[in-house]
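Summary of the model geometry
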Amino acid sequence: MIIPINVQYRIVSDEYQWIIQRKRTRKGKEDWQARLYYPTLKAAVEGLGELMVRESKAQTLTDALTHVDHVATTLSQALTPTIEGLEHLKKVGSGQ
């Protein structure tokens with residue numbers, strides 16, 4: 001399974017673990033580097049959220065809290081399933 005989070009991170013799994021991968025360029029080609037390993041998807045999502053906050057350039061508590069909200073939104077959107085064609089149903093149901 002591959003769960004894209006954003007252009008920089010994704011979560012993948014094998015039969016034993018969940019892996020946070022980060023995109024990198026190596027020898028002129030983009031690939032994904034395994035960074036962290038977790039036993040559950042929940043732990044991987046929590047770990048990725050913490051990593052993304054730690055890597056922020058926040059200089060104040062206010063900046064850090066704003067970045068926490070941004071990370072939470074990013075993870076929430078990435079983990080929310082989407083159904084092709086649903087946008088059409090929303091427009092039909094709303095009278096637009």
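What counts and how
Residues numbered from 1 in each chain as written. Predicted model: local features only at pLDDT ≥ 70, side-chain atom pairs only at ≥ 80, totals over all residues. Heavy atoms only, no water. Core = buried A, V, L, I, M, F, W, Y, C linked by side-chain atoms within 4.5 Å. Buried < 20%, exposed > 50% of the residue type's maximum accessible area, 1.4 Å probe, protein only. Helix = DSSP H or I, 4+ residues; strand = E, 2+ residues; numbered from the N terminus. Contact = heavy atoms within 4.5 Å. Axes fitted to C-alpha atoms, helices over the stretch in contact; angles between N-to-C directions. Left-handed = near helix turned anticlockwise from the far one by under 90°. Nonpolar A, V, L, I, M, F, W, Y, C, P; charged D, E, K, R; others polar.

1. Digging into the nonpolar core
In a soluble, globular protein the nonpolar side chains are often hidden away together inside. Counting 14 residues, the largest nonpolar core has I5, Y9, I11, I20, L48, M52 and L75 as the members making the most contacts within it. Listing elements by their share of this core, those giving two or more residues are strand 2 (9–13), strand 3 (18–26), helix 1 (41–54) and helix 2 (61–79). Counting residues per element, this core draws most heavily on helix 1, which supplies five residues. Not counting residues up to four positions away in its chain, the partners in contact with L75 are I5, V45, L48, G49 and M52.

2. A short note on the packing of helix 1 against helix 2
Between helix 1 and helix 2, whose axes approach to 9 Å, the crossing angle comes to 145°. Seen from above, helix 1 lies across helix 2 with right-handed handedness. Residues V45, L48, G49, M52 and V53 of helix 1 form the contact with helix 2, whose participating residues are H67, V68, V71, T74, L75 and L79. Residue composition of the contact of helix 1 with helix 2, by class: eight nonpolar, three polar and no charged.

Just distances and angles here, no functional claims.
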